[in-house]
Amino acid sequence: MSTTLTTQTETFEIGGRTFTSRLIIGTGKYRSFEEMKAAHRASGAQMVTVAVRRVPLDRSSESFLDHLDPALAILPNTAGCYTAEEAIRTARLAREALHTDLVKLEVIGDQTTLFPDNEQTLEAARVLVREGFTVLPYFSDDLIMAKKLLDAGCAAVMPLAAPIGSGLGVQNPANLAIMREQLPEALIIVDAGVGTASDAAIAMELGADAVLMNTAIAEARDAARMADAMRLAIRAGRLAYLAGRMPKRLYASASSPLAGVVR
C-alpha cells in the first residue's frame, strides 16, 4: 500500500471516537455564520471546538451552534476560566447542555499573554477525569507537565505552539520534538499560535497527531481558502513525518554520486 493511500485512510482516536481528519477547528471570530460554514466545509474537519462561556447553551438566542454541521463532533472548551474551580464548573455545564464527555480544558494564568496556568490545569484535569470526562488539556509546551497530565488520565495533551491568537507559528520546535520522542504513545494535538499553512505543516512534521486552530482561519482575508490550505498542509506535514526527512548536513552532498561514473 502506498504512503499516500495510508494517510488518506489512517485514523486516530480521541476518547473512543475515530477521526480521519487531523485538523480541529474553532467557531469564533468569523465575520458571518455563512463564512464560518464555508470554512468548516473547506477544512474537511470532523471536530469543532466551542467556547462554553461565550454561547447561550439553552439556545435562547441565535448563535453559531445553530449553524454547525450536525456531522461535526463538538469539543466544548473552558476558555475564559482562570481557576480550576471555574473550569470544572464550566465543563460540567457543557456536559449537561451538549451531551458530551469531551472537554478541551483551558485554565488561563495571565490575562495579557493568555498563557495557561499549568498547575490549575492539572488540578482540574484530575477532578474531571475522575468524573468521567475525556479531558484534552491546553498547556505550555512542557514535557514534565505533559507526563503529569497523561498520568492523571488525560486522553491527549495539547501543547501550545505560540500564544493564543498570535499567529507566530511554532516558537519552540525542539520542545515539541522532544515531547514526541519521549511520549511515543501519547496523543499530541498542537493548539494555539498557528498563523498560516506552513505553521501547521511544521507542527505535523514534528510528529503532532493533529492541530487545533481558529484565528488563523477566521481572520484570514478568505477564510474558506485558508481552511483548504490548512487541510492540505496538515496532510503534507503528516506525510513528511511518516516518510522521514533526510538528515541535515553542514556541507553539500552530490545528488549524483561519483561511484560508477564513466571516465
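Residues numbered from 1 in each chain as written. Predicted model: local features only at pLDDT ≥ 70, side-chain atom pairs only at ≥ 80, totals over all residues. Heavy atoms only, no water.

S.K.: Which parts of the structure should I look at to understand the overall build of the protein chain?
M.R.: A tally of regular secondary structure across the protein chain gives nine helices and 10 strands. Taken against the 2.2 N^0.38 rule, which gives 18 Å for 263 residues, the C-alpha radius of gyration of the protein chain at 19 Å falls within 12% of a compact globule. The dimensions of the protein chain, computed from C-alpha atoms along their principal axes, are 80 × 40 × 40 Å. Partitioning the intrachain contacts of the protein chain with sequence separation of at least 6 by distance along the chain shows that 65% fall at a separation of at least 24. Working note: accessible area of the protein chain is about 13100 Å², and carbon and sulfur atoms make up 51% of it. Of the side chains in the protein chain, 27 bear a positive and 30 a negative charge, and the two mean positions are spaced by 6 Å. (Helix = DSSP H or I, 4+ residues; strand = E, 2+ residues; numbered from the N terminus. Rg over C-alpha atoms; globule rule 2.2 N^0.38 Å. Contact = heavy atoms within 4.5 Å. Areas by Shrake-Rupley, 256 points an atom, 1.4 Å probe, with all protein chains shown as cover. Lys, Arg positive; Asp, Glu negative; His and termini not counted. Charge placed at Lys NZ, Arg CZ, Asp CG, Glu CD.)

S.K.: Teacher, can you tell me more about the state of the cysteines here?
M.R.: One way to say it: the disulfide is the covalent bond shared by the sulfur atoms of two cysteines. Overall, the coordinates contain zero disulfides when judged by the stated rule. Of all cysteine sulfurs, the one in C154 lies closest to C81, which takes part in no disulfide; the gap is 16 Å. Residue classification places C81 among the buried positions, given a relative accessible area of 0%. Using a relative accessible area of 7% as the deciding quantity, one classes C154 as buried. (Disulfide = S-S within 2.5 Å. Buried < 20%, exposed > 50% of the residue type's maximum accessible area, 1.4 Å probe, protein only.)

S.K.: I would appreciate a short explanation of the environment of R31 in the present structure.
M.R.: Examined against the element boundaries, R31 turns out to sit in the loop between β3 (23-25) and α2 (33-43). Residues in contact with R31, not counting those within four places in the same chain, are A218, E219, A220, R221 and A223. A polar side-chain atom of R31 sits 2.8 Å from a polar atom in the side chain of E35. From its side chain, R31 meets the backbone oxygen of A220 in a polar contact 2.6 Å long. (Polar contact = N/O pair within 3.5 Å; in protein donor to acceptor, adjacent residues only side chain to side chain.)

S.K.: Honestly, the packing of aromatic side chains in this entry has me stumped. Any pointers?
M.R.: To describe a pair of aromatic rings, you give the distance between the ring centres and the angle between the ring planes. For the structure shown, the criterion picks out one aromatic pair. The side chain of K104 reaches across the aromatic face of Y138, ending 5.8 Å from its centre. (Phe/Tyr/Trp six-rings, centres within 6.5 Å; stacked < 30°, edge-to-face > 60°. Lys NZ or Arg CZ within 6 Å of the ring centre and 35° of its normal.)

S.K.: Sorry, what's going on with the environment of P137 here?
M.R.: Residue placement: P137 occurs in strand β7 (residues 134-139). For the pair P137 and Q111, spaced 26 residues apart in sequence, the C-alpha separation works out to 18 Å. Excluding anything up to four places from it in sequence, P137 contacts L105, T121, L149, C154, A156, V157 and M158.

S.K.: Explain the packing of helix α4 (residues 118-130) against helix α5 (residues 143-151) to me, please; I cannot follow it from the model alone.
M.R.: Each pair of packed helices can be described by the angle between their axes along with the distance between the axes. Close contact between α4 and α5 brings their axes to 9 Å; oriented N to C, the two are set at 15 degrees. Taken together, the axes of α4 and α5 are roughly parallel relative to one another. Considering the relative orientation of α4 and α5, their crossing is right-handed. Every residue of α5 that contacts α4 at N118, T121, L122 and A125 is listed here: M145, K148 and L149. Looking at side-chain class alone, the contact of α4 with α5 contains four nonpolar, two polar and one charged residues. (Axes fitted to C-alpha atoms, helices over the stretch in contact; angles between N-to-C directions. Parallel < 35°, antiparallel > 145°, perpendicular 65-115°, else oblique. Left-handed = near helix turned anticlockwise from the far one by under 90°. Nonpolar A, V, L, I, M, F, W, Y, C, P; charged D, E, K, R; others polar.)

S.K.: Would you mind going over the pairing of β7 with me for this structure?
M.R.: Each regular strand carries side chains that alternate between the two faces of the sheet. Burial runs high along β7: six of the six residues are buried. Neither face of β7 is exposed, since T134, L136 and Y138 on one face and V135, P137 and F139 on the opposite face are all buried. Across four bridges, strand β6 (residues 102-105) lies against β7 in parallel orientation. Across the sheet, the residue bridging to L102 is T134, located in β7. Chirality of the crossover, the property in question, places the unit of β6, α4 and β7 among those that are right-handed. In the classification by handedness, the crossover that spans β7, the intervening α5 and the parallel strand β8 (residues 158-159) is right-handed. (Pairing = 2+ DSSP bridges. Right-handed = clockwise from strand over helix to strand, strands pointing away.)

S.K.: Just to check I follow, could you spell out the nonpolar core for this structure?
M.R.: Residues V211, M213, I217 and M230 are the most contacted members of the largest nonpolar core, which totals 37 residues. Looking at this core, the elements that each hand over two or more residues are β3, α2, β4 (47-51), α7 (197-205), β10 (210-213), α8 (215-218) and α9 (223-243). Counting residues per element, this core draws most heavily on α9, which supplies six residues. Once residues lying within four places of it in the same chain are set aside, the contact partners of M230 are L23, V194, G195, T196, A197, A200, M213, A216 and I217. With 27 residues, the next largest nonpolar core counts A84, V103, L128 and M179 among its residues. (Core = buried A, V, L, I, M, F, W, Y, C linked by side-chain atoms within 4.5 Å.)

S.K.: What is the right way to look at the pattern of salt bridges in this model?
M.R.: Side-chain pairing between opposite charges can occur once the charged atoms of the two side chains come close. By the definition in use, this model includes 12 salt bridges. Here R17 ties to D101 by a salt bridge, and the two come within 2.9 Å at their closest N and O atoms. You can see R17 sitting in strand β2 (residues 17-19) and its partner D101 sitting in the loop between α3 (84-98) and β6, a full 84 residues away along the chain. Classification of R17 as partly exposed rests on a relative accessible area of 28%. (Salt bridge = Lys/Arg side-chain N within 4 Å of Asp/Glu carboxyl O.)

By themselves, these observations are geometric and do not establish any function.
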